[in-house]
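Observations on chain architecture
Here is what each chain is made of, one letter per residue.
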Amino acid sequence: MTFKTLKYLSFTHSGIYTCLLVAWIVPGLHREEMIFGWLHGVGWIVMSILCIDAVRRRVIPLWLGVMVAVVGGVGPFAGTVGFLYAERHARPASRATGRGMV
């Protein structure tokens, strides 16, 4: 799993969460609320497992793994912002080689 793939999965998860919030706010979208709720829940579990493994393999830093796995259950936007921050503040050597963002 690469940093780039995890970043795009995080953006997707944030999009699903946005749809869940809209379905929750708009009256009468109970079925959609349930569907997006399940997608968010399963997505958070999958993202957590992938990020924990990515931390172990030194693809992402520990703080980003914590941001996705702990904070991401309530607000996946934090993980997405974390990926953007990590990408902007990565060491120049890791950008040149395409290796981990640690």
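Scroll up for the structure.
This section reports on the structure supplied with the text. (Residues numbered from 1 in each chain as written. Predicted model: local features only at pLDDT ≥ 70, side-chain atom pairs only at ≥ 80, totals over all residues. Heavy atoms only, no water.)

With that out of the way, let us pick up the pattern of salt bridges. Under the criterion given, the structure shown has three salt bridges. Notably, a salt bridge pairs Glu-87 with Lys-7, separated by 2.9 Å at the nearest N-O pair. You can see Glu-87 sitting in helix α4 (residues 77-88) and its partner Lys-7 sitting in helix α1 (residues 3-25), a full 80 residues away along the chain. Using a relative accessible area of 9% as the deciding quantity, one classes Lys-7 as buried. Between Arg-56 and Asp-53 there is a salt bridge, and its shortest N-O distance comes to 2.7 Å. Taken together, the residues span about one helical turn, with Arg-56 and Asp-53 both in helix α2 (residues 30-56) at a distance of three residues. One connected set of salt bridges, linked through shared partners, spans Asp-53, Arg-56 and Arg-57. (Salt bridge = Lys/Arg side-chain N within 4 Å of Asp/Glu carboxyl O. Helix = DSSP H or I, 4+ residues; strand = E, 2+ residues; numbered from the N terminus. Buried < 20%, exposed > 50% of the residue type's maximum accessible area, 1.4 Å probe, protein only.)

Overall, the coordinates contain three aromatic pairs when judged by the stated rule. Considering the side-chain rings of Tyr-17 and Phe-77, the 5.5 Å spacing of their centres and the 70 degrees angle between planes classify their relative orientation as edge-to-face. With a gap of 60 residues between them, Tyr-17 in helix α1 and Phe-77 in helix α4 connect regions that are remote in the sequence. Taking relative accessible area as the criterion, Tyr-17 reaches 14% and is therefore assigned buried. Centroid distance Trp-63 to Tyr-85: 5.8 Å. Interplanar angle 75 degrees. Geometry classified as edge-to-face. (Phe/Tyr/Trp six-rings, centres within 6.5 Å; stacked < 30°, edge-to-face > 60°.)

Tracing the backbone shows Thr-80 in helix α4. Thr-80 gets classed as buried once you look at its relative accessible area, which sits at 8%. Residues within four places of Thr-80 in sequence aside, it is in contact with Ser-10, Phe-11 and Ser-14. (Contact = heavy atoms within 4.5 Å.)

Moving on: the nonpolar core. Counting residues in hydrophobic clusters, the biggest one holds eleven residues: Phe-3, Leu-6, Met-47, Cys-51, Ala-54, Val-59, Ile-60, Leu-64, Val-68, Phe-83 and Ala-86. Going through the elements one at a time, α1, α2, α3 (62-69) and α4 are the ones with two or more residues in this core. With three residues, the top contributor of residues to this core is α2. Residues contacting Val-68, with those up to four places away along its chain left out, are Trp-44, Met-47, Ser-48, Cys-51, Gly-73, Gly-79 and Phe-83. (Core = buried A, V, L, I, M, F, W, Y, C linked by side-chain atoms within 4.5 Å.)

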